[in-house]
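# Coordinates in review
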Amino acid sequence: MITFLSGGTGTPKLLRGVQKVMDRHEISVVVNTAEDIWISGNHISPDVDTVMYLFAGVLNTDTWWGIRNDTFTTHDEIINMGHGEFIAIGDRDRAVHIARGNMLREGMRLTNVTRTLCDRFGVRENVLPMSDTDVTTRVKTELGLIHYQEYWIRSKGQIRIEKVVRCSKTPPESSEEVIQAVEASDVVVIGPSNPITSITPILECGGLKDALMEKFVIAISPFIGNAPVSGPAAALMEASGFEPTSAGTAKCYQDLVDLFVQDIRDPVEVKDSIRLDTLMTGEEKSIELAKNVLSLAKRT
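Residues numbered from 1 in each chain as written. Predicted model: local features only at pLDDT ≥ 70, side-chain atom pairs only at ≥ 80, totals over all residues. Heavy atoms only, no water.

Moving on, we get to the overall build of the protein. When its secondary structure is counted, the protein shows 12 helices and 14 strands. Computed over the C-alpha atoms, the radius of gyration of the protein is 18 Å, within 12% of the 19 Å expected from 2.2 N^0.38 for a compact globule of 300 residues. With respect to the principal axes defined by its C-alpha atoms, the protein has extents near 55 × 45 × 40 Å. Looking at the 300 residues of the protein, the share that counts as buried comes to 56%. Sequence-distant contacts, at least 24 apart, represent 65% of the contacts inside the protein between residues at least 6 apart. (Helix = DSSP H or I, 4+ residues; strand = E, 2+ residues; numbered from the N terminus. Rg over C-alpha atoms; globule rule 2.2 N^0.38 Å. Buried < 20%, exposed > 50% of the residue type's maximum accessible area, 1.4 Å probe, protein only. Contact = heavy atoms within 4.5 Å.)

So, about the sheet that holds strand β6 (residues 136–141). If you trace the three strands from one edge of the open sheet to the other, you get β7-β6-β8, paired in antiparallel fashion. Edge strands, defined here as strands with exactly one partner in the open sheet, are β7 (144–147) and β8 (163–167). Pairwise comparison of adjacent strand axes, ignoring direction, gives a mean angle of 35° for this sheet. The pairing of β6 with β7 spans four bridges and is classified as antiparallel. Its bridge partner being in β7, Lys-140 is matched across the sheet by Leu-145. (Pairing = 2+ DSSP bridges. Axes fitted to C-alpha atoms, helices over the stretch in contact; angles between N-to-C directions.)

Below, the discussion takes up helix α7 (residues 176–183). The complete set of buried residues in α7 reads Glu-177, Val-178, Ile-179, Ala-181 and Val-182. On its buried face, α7 sits against β1 (2–6), β2 (27–31), α5 (110–120), β5 (126–129), β9 (187–190) and α9 (208–212).

Let's shift gears to α5. Three or more residues of α5 are buried, namely Leu-110, Thr-111, Val-113, Thr-114, Leu-117 and Cys-118. End-on view of α5: buried residues confined to an arc of 160°, all on one side of the axis. As for α5, its buried residues are in contact with α2 (46–56), α4 (91–105), β5 and α7. One or two steps after α5, the chain reaches Gly-122, where phi turns positive at roughly 75°. (Arc of directions from axis to C-beta.)

This part covers the pattern of salt bridges. Across all of its chains, the model carries 15 salt bridges by this definition. Of the charged contacts, one joins Glu-162 and Arg-160 as a salt bridge, the two residues approaching to 3.7 Å between their closest N and O atoms. On the basis of relative accessible area, Glu-162 is assigned to the partly exposed category, the value being 37%. Accessibility expressed as a relative area gives 59% for Arg-160, which makes it exposed. A single network of salt bridges, built from pairs that share partners, joins Asp-263, Arg-265, Asp-277, Lys-285 and Glu-288. (Salt bridge = Lys/Arg side-chain N within 4 Å of Asp/Glu carboxyl O.)

The next subject is the sheet that holds strand β14 (residues 274–276). The strand order across the open sheet built from seven strands is β5-β2-β1-β9-β10-β13-β14, with neighbouring strands paired in parallel fashion. With one partner strand each, in any of the chains shown, β5 and β14 form the two edges of the open sheet. On average, each strand axis in the sheet is tilted by 20° relative to the strand beside it, whichever way the strands run. When β9 meets strand β10 (residues 216–220), the two strands line up parallel, connected through four bridges. Looking across to β10, one finds that Val-188 is bridged to Val-217.

In terms of burial, strand β13 (residues 259–263) is a largely internal element, five of the five residues being buried. Across three bridges, the pairing between β10 and β13 is parallel. Directly across from Ala-219, in β13, lies its bridge partner Phe-260. Direction of pairing for β13 relative to β14: parallel, over a ladder of three bridges. Directly across from Val-261, in β14, lies its bridge partner Ile-274.

Structure follows, in structure tokens:
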């Protein structure tokens, strides 16, 4: 049994390979929800949906979000009516957001909503939102304090970040299901997702760090040199006081990690790290990395 901590792009690329080399019932994924947002009255959980769609075999792996071959009729009509949606939402994707929003308004926990949606898509892997508590990652910019999605999608990551802020009415707690998944795991893998907006929101949930201290934890760096493989991780790391490198990533995770993996091309040295080819340019590369990570896990 392995539990993965995941954001929306880097770790799903690894999971693309993992699902080919592991029994689907042995896989649990704890997914960041601090990027969730309500748009047009519907609830988008982008990182959860990416993982769910991947396991369902419908993910658009050209963009690593949304459903493959989706249409955008509703989105286009909303724009024509002058109601701005800064995220392009496909029609099938929107149906998921509508269903999720309705279930949340009816009082269901996000964990149960996610399980219901996964059942509808035939997903048998254990996909878990990090918490049932509402948490939002915001960034302080010249425009003020804005939602992370507004920074990355609306502003295309082109404005300077002064600070990353996590907002919630009450301190987020890991769900019982998340703790149970970690406790039942032989190994926990922190995937190569953005450390600041994808992974640390998960680690900040009450109870999780204590559970991880009892487990063998493997972390995979999303950096090669001082540049992330994808996304705005470098700017976010700097705004949070970390060097935007594998060394900065290792420091960000501090004492939680037992084995740190970085790319074979990475010029940055991290003491006692394992070097693997982490640049997942296609499915075969994802499978290769998944096999190597599983091999490391079996040594524990």
